[in-house]
Amino acid sequence: MPRSSVPALFHFLIALVTVLALGTLLTGPAYSTVHPAAKPTAKAAAVTTVVIEGSPAAFIPQSVTIRAGDSVRWLNNDNDDHTTTSDTGLWNVFLPPGTSVLRTFPTPGTFRYHCDIHPDMTGTITVL
């Protein structure tokens, strides 16, 4: 078919598609799937559980290492009353059977503790 007989609409559509294609190549797609890098977030504080149980009762594990800002939860799974008591007087908490307490350690250091009721029960928290 001679070029002169092609309808004007066909030429218009070819020109339109060409312009749109060139525009997309030069400017990119109308939408972007590229996301800016996520901002780093602070690591969520961790909780380490120390269970009171056994015969004789003990803090299990006896020693834990955590990071500053993390917490320790003492859980009394024993049938007797116990305490978690800092050797330096920073805390002293009574724990009847089936109860727990959570303490956050904001600064590095070594924290030794014991049970006031059962002095042979001892433990250590190391905070990095």
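Scroll up a little and you will see the structure.
Keep in mind that this is a model prediction, so the values were computed, not measured.

So, the overall build of the chain: which residues are in play, and what are the values?
Along the backbone of the chain there are 1 helix and 9 strands. For the chain, the sequential pattern of α-helices and β-strands runs α-β-β-β-β-β-β-β-β-β. Relative to its 128 residues, the chain shows a buried fraction of 24%. Of the contacts made within the chain by residues no fewer than 6 positions apart, 55% connect residues no fewer than 24 positions apart. On the chain, roughly 8900 Å² of surface is accessible, and the fraction owed to carbon and sulfur atoms is 62%.

Hey, could you go over the packing of aromatic side chains for me, with residue numbers and the actual values?
Two measures describe an aromatic ring pair: the distance that separates the ring centres and the angle between the ring planes. One pass over the full model with this rule turns up 6 aromatic pairs. Residues Trp-74 and Trp-91 carry aromatic rings whose centres are separated by 5.7 Å and whose planes lie at 35° to one another, so their mutual orientation is tilted. Linking Trp-74 in strand 4 (residues 71-76) with Trp-91 in the loop between strand 5 (82-86) and strand 6 (92-95), this pair joins segments that are 17 residues apart in sequence. Trp-74 sits in the buried class, given a relative accessible area of 1%. We classify Trp-91 as buried; its relative accessible area is 6%. Here the aromatic rings of Trp-74 and Tyr-113 are separated by 5.3 Å at their centres, their planes lie at 80°, and the arrangement is edge-to-face. Here the residue Trp-74 occupies a position in strand 4, and Tyr-113 occupies one in strand 8 (residues 109-114), the gap between them amounting to 39 residues. As far as the burial class goes, Trp-74 and Tyr-113 line up, both buried. Three or more aromatic residues link up through ring pairs in this structure, and these residues are Phe-59, Trp-74, Trp-91, Phe-105, Phe-111 and Tyr-113. One cation-aromatic arrangement involves Arg-103 over Phe-105; the distance from NZ or CZ to the ring centre is 5.3 Å.

So, the sheet that holds strand 3 (residues 63-66): which residues are in play, and what are the values?
Taken in spatial order, the 5 strands of this open sheet run 3-9-8-5-6, and their pairing is mixed. Each edge of the open sheet is held by one strand with a lone partner, namely strand 3 and strand 6. Going from strand to strand, the sheet's axes swing by 20° on average, the running direction of each strand aside. Strand direction decides the pairing type here: strand 8 and strand 9 (residues 122-127), joined by 6 bridges, are antiparallel. Bridged to Phe-111 within strand 9 is Ile-125.

The rules we used
- Residues numbered from 1 in each chain as written.
- Predicted model: local features only at pLDDT ≥ 70, side-chain atom pairs only at ≥ 80, totals over all residues.
- Heavy atoms only, no water.
- Helix = DSSP H or I, 4+ residues; strand = E, 2+ residues; numbered from the N terminus.
- Buried < 20%, exposed > 50% of the residue type's maximum accessible area, 1.4 Å probe, protein only.
- Contact = heavy atoms within 4.5 Å.
- Areas by Shrake-Rupley, 256 points an atom, 1.4 Å probe, with all protein chains shown as cover.
- Phe/Tyr/Trp six-rings, centres within 6.5 Å; stacked < 30°, edge-to-face > 60°.
- Lys NZ or Arg CZ within 6 Å of the ring centre and 35° of its normal.
- Pairing = 2+ DSSP bridges.
- Axes fitted to C-alpha atoms, helices over the stretch in contact; angles between N-to-C directions.

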